[in-house]
Amino acid sequence: MGWQWFHRLGSPRWFYQKTEAWVRWLGWLAFLIIAGTIFWVMAFVPKDYLQGHSFRIFYLHVPTSMMAMGGYYAMAISGAIGLIWRMKLADMSMRCIAPMGAAFTFLALVTGGLWGKPTWGTYWVWDGRTTSTLILFFLYMGVVALQNAYQNQQMADRFSALLALVGMVNIPIIKWSVDWWNTLHQPATIKLTEESTMHGSMLYPLFVMMVGFYCFFAWALIKAIRIEILRREYRTDWVKQIIAAENK
Amino acid sequence: MKFQFDSFSALLSMEGHGMYVWISYAIVLIGMLYFGFRPNWQFKQFVKQQKRIQLQEQQIAQRNKQ
Amino acid sequence: MNENSSPMASPGLLPALSAQFKRDALIAFRNRGELLNPLTFFLIAVAMIPLGVSPESSLLSLIAPGVIWVMALLATLLSVDGLFRADYEDGTLEQLSLTPHPLYLMVLAKVLLHWLITGLPLALLSPLLGMWLSLPAEGYMPLFLSLLLGTACLSLIGAIGAALTVTLRKGGILISLIIMPLYIPILVLGTGAVTYAIDGFPFMSLMSIMGAFLAFSIAFAPMVTASALRISLNG
């Protein structure tokens, strides 16, 4: 009995039918949390005494950066599961995470720039964290490009899973080398990692926003996987029934 | 908790930082909406495409019968 | 080393490896023209920099380590693209995968040859290019050493990309896209070592880190390459 759920999870049909209900409430949950937190941040969070109101971008920048980083690990781990246990669903989730993760990395870079301009006077600094995020974006784009290069779905999945795993092993090395590179060149800018003492009233909305982003990620990912399931299982009877039911 | 702005225009301008704040919120929200609702659009497209393929298959089958 | 116990037994590991190595070397040597291509690319691309930026030696000496390293990286990347393609297309790769010997070592032998015919000459050419770009005298030794170790890492990691794109008719830009981000630590260390030496710091500690990188790459990169090749054969 114990492992039954694991095998079930490998069945695209089971997943499709089970998530029908989840999607709706997960979407509403994400919407309510994020919309509520934005209202909270915009209306009630006091401005930072150093950075002023641009600090409000922080509440988007941190969650997007987190999704960017976490997405890569999620992608690589699903890729590994797909490679090792040949689980169809893991392959699909890897394929669906890649473009989303790339988009979040891009958004993290954009919000970082928009935060930096009013705060430090420049959109772009080659500091350790920004550079690492940029490289993460390149890693994502490599996986996306590899996925799209192959007509053969199975090969595309396995190759990009391998690449994602190699990337995951490399991320700590890249991070270390970029940090070292940064100390070597000592850019003449303000240290971005300086800890500003954050009051609780400024910190709580951040945590709530992170939860909201996690819900959003889960919601969007499940929706994307559901489409991917339909596309890959279009020959099966149960998908044909779904198509027939859409008779309008 | 205290409301931080005196007026709606103060909320928009945020002492000169408003443009950066609102643009980043807009960009992130547009990105999220895109990824959240793209599947809905893809589903419609998928159904349409499959219907067309099924129709073609039926037509070919009929022609073969005749 | 010939220890064939029975006439029907397949050759042992070392004879098999050396036979494969000799075959690849022979093929490379027969296409002598292609052998020179990465080197010529390296030379031309580096020569573009004074033409494009400025012949001013103070400026050139500042950017020399980075330019030489980036060009070496691109030259390796372009040459590694076809590492397995010919063998894949004529079926040799399939035969190799059917031998009882681990594909890992076969890959390693291939990468070694690739390094010998591209990475090693690139490192040997580096003093000449250093001269072109008026690299300070302290920079020559670290540049040569870092290229010697670094290009080996580049070949090993590049082989992963070559294996991932072997079934595509044209890898070209795709392999650069997927492999270049993985090259960043090596680039940073290599140029860092040269900069260190020019600034008067001891650079050998960085060489040992690079050696550790190389050891790590030798251990894992051919493994990934071999599994990617297996996927392209069976997929």
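Conventions used here
Residues numbered from 1 in each chain as written. Chains lettered and ligands numbered in written order. Predicted model: local features only at pLDDT ≥ 70, side-chain atom pairs only at ≥ 80, totals over all residues. Helix = DSSP H or I, 4+ residues; strand = E, 2+ residues; numbered from the N terminus. Buried ≥ 20, exposed ≤ 12 C-beta atoms within 10 Å, placed from the backbone. Contact = placed C-beta atoms within 7 Å. Nonpolar A, V, L, I, M, F, W, Y, C, P; charged D, E, K, R; others polar. Core = buried A, V, L, I, M, F, W, Y, C linked by C-beta atoms within 7 Å. Expected span 1.5 Å × (residues − 1). Bend = angle between axes of the 7 residues up to and from the residue. Axes fitted to C-alpha atoms, helices over the stretch in contact; angles between N-to-C directions. Parallel < 35°, antiparallel > 145°, perpendicular 65-115°, else oblique. Left-handed = near helix turned anticlockwise from the far one by under 90°. pLDDT = per-residue confidence, 0-100.

Trainee: How would you explain the overall build of chain A if you had to name every residue and give the values?
Mentor: A tally of helices and strands in chain A yields 8 helices and 0 strands. Secondary structure elements of chain A occur, N-terminal to C-terminal, as α-α-α-α-α-α-α-α. Within chain A, the fraction of its 248 residues that count as buried is 42%.

Trainee: Let's hear about the interface of chain C and chain A: which residues, and what values?
Mentor: Contacts between chain C and chain A engage 20 residues on the former and 24 residues on the latter. Here the side of chain C that touches chain A is built from residues that sort into 15 nonpolar, 5 polar and no charged.

Trainee: Any details on the interface of chain B and chain A? Residues and values, ideally.
Mentor: Contacts between the two partners involve 26 residues from chain B, matched on the other side by 33 residues from chain A. A total of 18 residues in the side of chain B that touches chain A trace back to one element, the largest contributor, which is helix H2 (residues 18–65) of chain B. When the residues that make up the side of chain B that touches chain A are grouped by side-chain class, the tally is 16 nonpolar, 7 polar and 3 charged.

Trainee: Lay out the nonpolar core with the relevant residues and their values.
Mentor: The biggest cluster of nonpolar side chains holds 145 residues, and the ones touching the most others in it are C:Ile68 and C:Ala159. Per-element accounting of this core gives the leading share, 17 residues, to helix H4 (residues 88–120) of chain A. Discounting residues that sit within four places of it in the chain, C:Ile68 has contacts with C:Val46, C:Ser126, C:Leu129, C:Gly130, C:Leu133 and C:Leu143.

Trainee: Tell me about helix H2 (residues 32–52) of chain C, and please be specific about residues and values.
Mentor: Residues and elements named next belong to chain C. A rise of 1.5 Å per residue sets the reference length of H2, with its 21 residues, at 30 Å; its end C-alpha atoms lie 31 Å apart and thus fit the reference within 8%. Largest kink in H2: about 30°, centred on Pro 38. For H2, every residue scored as buried is listed here: Pro 38, Phe 42, Val 46 and Ile 49. Packing partners of the buried residues in H2 comprise helix H3 (57–80) and helix H6 (103–132).

Trainee: I'd love a proper account of the packing of H4(A) against helix H7 (residues 200–232) of chain A, names of residues and values included.
Mentor: Residue and element names in this part refer to chain A. Between H4 and H7, whose axes approach to 9 Å, the crossing angle comes to 130°. Our classification of the angle between H4 and H7 gives oblique. Pair H4 / H7 crosses with right-handed handedness. Taken together, the residues of H7 that come into contact with H4 (itself represented by Met 92, Ser 93, Arg 95, Cys 96, Ile 97 and Met 100) are Ala 220, Leu 221, Ala 224, Ile 225, Glu 228, Ile 229 and Arg 232. Of the residues in the contact of H4 with H7, the class split is 9 nonpolar, 1 polar and 3 charged.

Trainee: Could you give an account of the environment of C:Thr76, naming the residues involved and the relevant values?
Mentor: Residue and element names in this part refer to chain C. Looking at the element boundaries, Thr 76 is found in helix H3. Judged by the 27 C-beta atoms lying within 10 Å of it, Thr 76 is buried. Along the backbone, Thr 76 and Thr 151 are 75 residues apart, and their C-alpha atoms lie at a distance of 7.4 Å. Residue contacts for Thr 76: discarding those within four places in its chain leaves Thr 118, Gly 119, Thr 151, Leu 154, Ser 155 and Gly 158.

Trainee: Give me the environment of A:Asp179: which residues, what numbers.
Mentor: Relative to the helices and strands, A:Asp179 is located in helix H6 (residues 153–185). Between the C-alpha atom of A:Asp179 and that of A:Asp127, which follows or precedes it by 52 residues, the distance is 8.1 Å.

Trainee: So what's going on with the confidence of the model for chain A? Residues and values would help.
Mentor: Averaged over all residues, the pLDDT of chain A is 88; the fraction at 70 or higher stands at 90%. Long-range and interchain partners of residues 188–193 of chain A, a stretch whose pLDDT sits below 50, account for 7 contacts in this model, where long-range means more than four residues apart.

Trainee: Quick rundown of the packing of helix H3 (residues 58–85) of chain A against helix H5 (residues 128–149) of chain A? Include the residues and the values.
Mentor: Pairs of packed helices are described in terms of their axes, by the angle between the two and the distance that separates them. All names here are of chain A. Two elements in contact, H3 and H5, have axes whose closest approach is 11 Å; the angle formed by their N-to-C orientations is 45°. As judged from the angle between their axes, H3 and H5 are oblique. Our pair here, H3 against H5, has a crossing hand that is left-handed. Touching Ser 65, Ala 68, Met 69 and Tyr 72 of H3 are Thr 133, Leu 136, Leu 139 and Tyr 140, all from H5.

Trainee: Tell me about the confidence of the model for chain C, and please be specific about residues and values.
Mentor: Averaged over every residue, the pLDDT of chain C is 89; the share at 70 or more is 95%. Taken over the whole predicted complex, pTM reads 0.91, whereas the ipTM for its chain interfaces reads 0.89.

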